[in-house]
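Spelled out from the first residue to the last, the chains are:
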Amino acid sequence: MTILCEPAARAGQLSPALGGDVRAAGTLAETRRLLASDPVESLVVVGASIDLDEALTFTSALRLQRPAVGVVLLRDVLDVVVLTRALRAGVREVVAQDDLAALVDACARSRQLSAQVTGVPQPRPDERRNGQVITVFAAKGGCGKTTLAVNLAAVLAAGGERSVCLVDLDLSFGDVGICLRAEPIRTIVHGLGMLGHVDAAGASSLLTACRPGLSALLAPVEPGDAERIPAGLVSELLAVLPSMFDYVVVDTPSAFSEHVLAAMDSSHHHVLLTTPDVPALKNLRVTLDMLDLLSYAHDIRSVVLNRSDAKVGLSMDDIDRVVRSDIRAHVPSSRDVPISVNKGNPIVLDLPKHPVSEAIARFAREHVLVEPAVAAAKSKRWFR
Ligand SMILES: Nc1ncnc2c1ncn2[C@@H]1O[C@H](COP(=O)(O)OP(=O)(O)OP(=O)(O)O)[C@@H](O)[C@H]1O
Ligand SMILES: [Mg+2]
């Protein structure tokens, strides 16, 4: 989105050139109010009829308070004095007010710069990735979905070698932000205004940079916000994010909500978790039967056994009898896992040689990572 600070009569001529969603503000005070209510906004265009001194005072303050927000200034006449003062105040570009092509270019450059400041990658218009969507699900709570999703995403990002987006679909109780020590300033709830027209720039404005190569779409934090997110927004985001990232990993709540089904529909890979106890195994069996009933393909499925070494009186034969499909990873139990969560650093980054980290890295290597050529061939996802 863009905020255009210009009285209504002139704003009408400029808005079409800015493309996408433009919110008009008649004054700088109104612009401040709009910015305060929208933590994901990244661009303000200040029109030629706004007083220069006021515009520069506004920009200097904004540069400190919200460094990711760019200001593009329009002026009737471009002279050296205006350009020098604007530069000193932190204006990103000054454009002649009748040069609409230059305005479009300046806005695009400013958005790119904002994306770099927030650390979230913004693809170039000519660049489209064939990202793979991986949904991690378990119908019983506490099986380790978030632990696996966060660590899998960190392994896949490989310190920035690949680009990964972790999506927290546990909309009511999501804790991806806590696990990565990421502040939830931008969350999926800020995408509500984009419903029906989510694009890469919009999706990117919702993300939080967490580690090199790893961004996250965080869950809402305010009570009641989870209920405002329609499943359609999840489908739209999961249609756009794979064009921006190599991998999109989705953490889920432990219920077959319509949001989870939207994620399953958009996924190339379903990772189904269980622990070696009867309730979790029973729920996994129900999940597998449900996925069969919904006609999802078997070959996009991986079953992962978390806390696989827990001595709880069940043999591997007992477990295999219930699961009736190949278990692709055994992740051992360790108190270092909750310790890493409390530190806000995924165990695969904190202790890469730890047996838990090695089990997750092996699973990623053998069952999740795909060659770019295969990713392109698999670009058509599974739809029921
Ligand atoms: N392999 C493991 N060894 C030890 N503790 C683990 C392991 N996996 C997960 N845990 C711990 O179990 C608890 C639940 O894990 P996690 O939050 O990942 O589960 P979840 O399935 O996402 O839960 P919820 O359904 O509440 O979202 C956490 O405290 C986590 O640290
Ligand atoms: Mg969880």
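If you're wondering where the values come from, they're calculated on a predicted model, not measured in any experiment.

What counts as what
Counting restarts for each chain: residues are numbered from 1 in the order of the written sequence. Whichever chain is written first becomes A and whichever ligand is written first becomes 1, with later ones labelled in order. Given that this is a predicted model, residues contribute local features only at a pLDDT of at least 70 and side-chain atom pairs are listed and counted only at 80 or more, while totals for whole chains, interfaces and linings are drawn from all residues. Excluding hydrogens and water, the side-chain values take into account all heavy atoms of the structure. Stacked, tilted and edge-to-face are the three classes applied to pairs of Phe, Tyr and Trp rings, where Trp contributes its six-membered ring and a pair requires centres within 6.5 Å; stacked means planes under 30 degrees apart, edge-to-face means over 60, and tilted covers the rest. Each helix is a run of H or I in the DSSP string that is no shorter than four residues. Each strand is a run of E no shorter than two, and both are numbered from the N terminus. Each residue's exposure class comes from its accessible area (1.4 Å probe, protein chains only) as a fraction of the maximum for that residue type: buried when under 20%, exposed when over 50%, partly exposed otherwise. In this analysis a 1.4 Å probe is tested at points of a 1 Å grid over the protein atoms alone, and where it fits but cannot get out there is a cavity; an open set with protein on both sides within 12 Å along at least five of seven lines is a pocket; lining residues have an atom within 4 Å of a point. Grid points are joined across faces, edges and corners, and a volume is the space filled by probe spheres set on the points. Amino acids are sorted into nonpolar (Ala, Val, Leu, Ile, Met, Phe, Trp, Tyr, Cys and Pro), charged (Asp, Glu, Lys and Arg) and polar (every other residue, Gly among them). This arc is taken over the directions from the axis of the helix to the C-beta atoms. Two strands qualify as a pair provided that DSSP identifies no fewer than 2 bridges between them. Angles shown run from 0 to 180 degrees and are taken between the N-to-C directions of axes, each axis being a line fitted to C-alpha atoms and, for helices, limited to the stretch in contact. Residue contacts are counted whenever heavy atoms from the two residues lie within 4.5 Å of one another.

(A) Inspection of the packing of aromatic side chains at higher detail. As enumerated under the stated definition, the model contains one aromatic pair in all. Each ring, one from F137 and one from F256, has its centre 4.9 Å from the other, and the planes form 40°; the classification is tilted. Pair noted here: F137 is in strand β6 (residues 132–137) and F256 is in the loop between β10 (247–251) and α10 (258–265), with a separation of 119 residues, a long-range link. For F256, a relative accessible area of 25% puts it in the partly exposed group.

(B) Broad picture of the layout of surface pockets. Reported here for the second largest pocket is a volume of approximately 430 Å³. Lining of the second largest pocket is provided by 25 residues; of these, G142, C143, G144, K145 and T147 occupy positions nearest its centre. Elements supplying a minimum of two residues to the lining of the second largest pocket: α6 (145–157), α13 (336–343) and α15 (355–368). For the lining of the second largest pocket, the element with the most residues is α6, which contributes four residues. Residue composition of the lining of the second largest pocket, grouped by class: eleven nonpolar, ten polar and four charged.

(C) Quick look at helix α2 (residues 28–36). For α2, every residue scored as buried is listed here: L28, T31, L34 and L35. Along the axis of α2, the buried positions cluster into a sector of 110°, meaning they face one direction only. Exposed side chains of α2 directed beyond 90 degrees from the buried face belong to R33 and A36.

(D) The sheet that holds strand β13 (residues 327–331), seen in detail. Reading across the sheet, the eight strands line up as β8-β9-β7-β10-β6-β11-β12-β13 and stay open at both edges, with mixed pairing between neighbours. Sheet topology places β8 (208–211) and β13 at the edges, where each strand pairs with a single neighbour. Shown here is a sheet whose adjacent strand axes are inclined to one another by a mean of 25°, direction ignored. Examined bridge by bridge, strand β11 (residues 269–274) and strand β12 (residues 301–306) share five bridges and lie parallel to one another. Note that in β12 the partner of H270 across the bridge is R301. Contacts from α15 reach β6, β10, β11, β12 and β13 within the one sheet, and its direction differs from that of β13 by about 160°.

Read these as layout, nothing more, since geometry by itself doesn't imply function.
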